[in-house]
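Chain by chain, the residues:
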Amino acid sequence: HDKWEIDPQELMLLEELGSGQFGVVRRGKWRGSIDVAVKMMKEGTMSEDDFIEEAKVMTKLQHTNLVQLYGVCSKNRPIFIVTEYMRHGSLLNYLRRHEQSLTSNQGLLLDMCIQICKGMAYLERHNYIHRDLAARNCLVGSENIVKVADFGLARYVLDDQYTSSGGSKFPIKWAPPEVLNYTRFSSKSDVWAYGVLMWEVFTCGKMPYGRLKNTEVVEKVQKGLILEKPKMCYKEVYDVMRKCWSQLPETRPSFRVLKEQLVTVAQRLLVD
Ligand SMILES: Cn1cc(-c2ccnc(-n3ncc4cc(C(C)(C)C)cc(F)c4c3=O)c2CO)cc(Nc2ccncn2)c1=O
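Just so we're clear, the structure is a prediction, and the values are computed from it rather than from any experiment.

A. Quick look at the pairing of strand 2 (residues 23-30). One ladder, built from 7 bridges, connects strand 1 (residues 11-20) with strand 2; its direction is antiparallel. Bridging across to strand 2, Glu16 finds its partner in Arg26. Here strand 1 folds back onto strand 2, and the loop between the two strands holds 2 residues. From the end of strand 2 to the start of strand 3 (residues 34-40), which pair antiparallel, there are 3 residues, and Arg31 there has a positive phi angle of about 55°.

Right, dumping it as structure tokens:
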């Protein structure tokens, strides 16, 4: 019995949550009571057989700050990917919608960053690379729980506009020099993206580098230009962000080290 195979008859599909990279995603109920999100994979968007193989590994990645993959319905087409449901949707939309209340609450913003860092430190420990970490790919649940979503899925996207660094959908603004030049992904390229994600959090969802075109960002990043300190961000927090943007991957801290630094900063700031 394949543990990661879900019987579609045990699923009840409810309202649409949005349409992501691979097609429509709907809220659902699994076995009558478990809240789930169901991705219904549009044909031709993903290398399905490779993904189904990888799903066996992904279901084993379990952490409070990772959106849990419950399993797949792979016996018919389109295939369904069934995950944990997060009621407040993407972190990017959440930041933009709650900007007023969030600007005065640095403690909460820092806590969100620490939660994501914990999820990423778990992936790092398991030598698992996200490849598209950004606020749009994190989700918010009840009680300000934040989780990393869609980790590792980038490997199965068939759209070259997304996969090639020259493509229109490639996440240039979250990519370090070694990814821009050689598409060399690693946990340290995830760390660079995490620094940009921290910047997104402390600007309540602004677009990094504003209206600069991707080509201009590539040039500036390679020259060592980095994102400026968000107005409402403590200097100690910005100092951590900057470490994520070291030109050389080996000089960037690991997520394990980042988590310790952020917790220390939080303790010092929130005591005062
Ligand atoms: C689990 N989950 C997923 C989603 C949801 C909905 C639509 N598209 C997506 N997305 N978004 C982004 C995305 C990105 C990728 C990359 C390979 C990394 C490029 C691959 C995906 F497959 C998705 C996807 O499916 C999601 C994210 O997987 C929304 C939820 N929740 C809510 C709640 C309220 N309103 C809206 N959504 C939720 O709980």
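B. Main features of the layout of surface pockets. There is about 1,200 Å³ of room inside the largest pocket. Lining the largest pocket are 45 residues, with Gly20, Gln21, Arg136, Asn137 and Asp150 positioned closest to its centre. Looking at the lining of the largest pocket, the elements that each hand over two or more residues are strand 1, strand 2, strand 3, helix 1 (48-58) and strand 5 (80-84). Tallying contributions element by element places strand 1 first for the lining of the largest pocket, with 4 residues. Residue composition of the lining of the largest pocket, grouped by class: 24 nonpolar, 13 polar and 8 charged. Within this model, the second largest pocket holds a volume of roughly 290 Å³. For the second largest pocket, the lining is made up of 16 residues, of which Lys3, Trp4, Trp30, Thr59 and Tyr70 are closest to its centre. By residue class, the composition of the lining of the second largest pocket is 5 nonpolar, 4 polar and 7 charged.

C. View of the site of the ligand. For the ligand, the set of nearby residues contains 22 residues, the closest of which are Phe22, Lys39, Glu84, Met86 and Asp150. The separation between an oxygen atom of the ligand and a polar side-chain atom of Lys39 is 2.7 Å. Coverage of the ligand by the protein chains reaches 85% of its 740 Å² of free accessible surface. Applying the majority rule of atoms within 2 Å of the grid points places the ligand in the largest pocket. Listing elements by their share of the shell around the ligand, those giving two or more residues are strand 1, strand 3 and strand 5. The element contributing the most residues to the shell around the ligand is strand 1, with 3 residues. Residue composition of the shell around the ligand, grouped by class: 11 nonpolar, 6 polar and 5 charged.

How each quantity is defined
As a convention, each chain's residues are numbered from 1 in the sequence order in which they are written. Predicted model: local features are reported for residues with pLDDT of at least 70 only, side-chain atom pairs are reported and counted for 80 or more only, and whole-chain, interface and lining totals are derived from all residues. Based on all heavy atoms of the structure, the side-chain values leave hydrogens and waters out of the count. At least two DSSP bridges between two strands are needed for those strands to be called paired. Numbering of helices and strands starts at the N terminus; helices are DSSP runs of H or I of at least 4 residues and strands are runs of E of at least 2. For cavity detection a 1 Å grid was placed over the protein atoms alone, and a set of points counts as a cavity when a 1.4 Å probe fits there but cannot get out; an open set counts as a pocket when protein lies on both sides within 12 Å along at least five of seven lines, with lining residues being those that have an atom within 4 Å of a point. Grid points are joined across faces, edges and corners, and a volume is the space filled by probe spheres set on the points. Polarity classes work like this: nonpolar for Ala, Val, Leu, Ile, Met, Phe, Trp, Tyr, Cys and Pro, charged for Asp, Glu, Lys and Arg, and polar for all others, with Gly in that last group. The nearness test applies per residue and asks whether one of its heavy atoms lies within 4 Å of the molecule or strand. Polar contacts, as used here, are pairs of N or O atoms within 3.5 Å; protein pairs need one atom able to donate a hydrogen and one able to accept it. Residues neighboring in sequence count only if both atoms are side-chain atoms. Surface exposure here means Shrake-Rupley accessible area, sampled with a 1.4 Å probe, where a residue is shielded only by the protein chains that are shown. For a molecule to be placed in a cavity or pocket, more than half of its atoms must lie within 2 Å of the grid points of that cavity or pocket.

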